[in-house]
Amino acid sequence: MPAYKVTWTQQAIATATVDVDLDELARWAISAGVVRAGPDPRPADAESLRRSLERNTHLREAVLRLYVTRQQT
């Protein structure tokens, strides 16, 4: 019987509910090296990052996605 190879691209949607304090999320992002600040780039300040996470929905969602996916490994 012949063997056939098939390849396709498939989109997946993942949803997670995470209980994490923004202070904790900011500290994790800095220690994991996923957020940098300034032209150097140097590690971000935890308090400034927490405020940014509070105000910036896109940043918060991006960091939460990284947090969730890296916690699964």
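Read on for a plain summary of the structure. (Residues numbered from 1 in each chain as written. Predicted model: local features only at pLDDT ≥ 70, side-chain atom pairs only at ≥ 80, totals over all residues. Heavy atoms only, no water.)

Regarding its fold elements, the chain presents three helices and two strands. Ordered by position from the N terminus, the helices and strands of the chain form the series α-β-β-α-α. In summary, the chain has a C-alpha radius of gyration of 18 Å against a globular reference of 11 Å for 73 residues, an excess of more than 25%. Along the three orthogonal principal directions, the C-alpha set of the chain runs to about 65 × 30 × 20 Å. Taking all 73 residues of the chain together, 19% fall into the buried category. Here the analysis covers contacts within the chain between residues at least 6 apart in sequence; of these, 54% occur between residues at least 24 apart. Working note: accessible area of the chain is about 6,100 Å², and carbon and sulfur atoms make up 50% of it. Across the chain, 10 positive and 9 negative side-chain charges occur, with their mean positions spaced 8 Å apart. (Helix = DSSP H or I, 4+ residues; strand = E, 2+ residues; numbered from the N terminus. Rg over C-alpha atoms; globule rule 2.2 N^0.38 Å. Buried < 20%, exposed > 50% of the residue type's maximum accessible area, 1.4 Å probe, protein only. Contact = heavy atoms within 4.5 Å. Areas by Shrake-Rupley, 256 points an atom, 1.4 Å probe, with all protein chains shown as cover. Lys, Arg positive; Asp, Glu negative; His and termini not counted. Charge placed at Lys NZ, Arg CZ, Asp CG, Glu CD.)

Take helix H1 (residues 22-32) next. A turn of α-helix holds 3.6 residues, and therefore any two residues three or four places apart point the same way. Of the residues making up H1, those classed as buried are Leu25, Ala26, Trp28, Ala29 and Ile30. Among the residues of H1, the N-terminal cap falls to Asp21, whose side-chain oxygen and the backbone nitrogen of Asp23 are separated by 2.9 Å. (Polar contact = N/O pair within 3.5 Å; in protein donor to acceptor, adjacent residues only side chain to side chain.)

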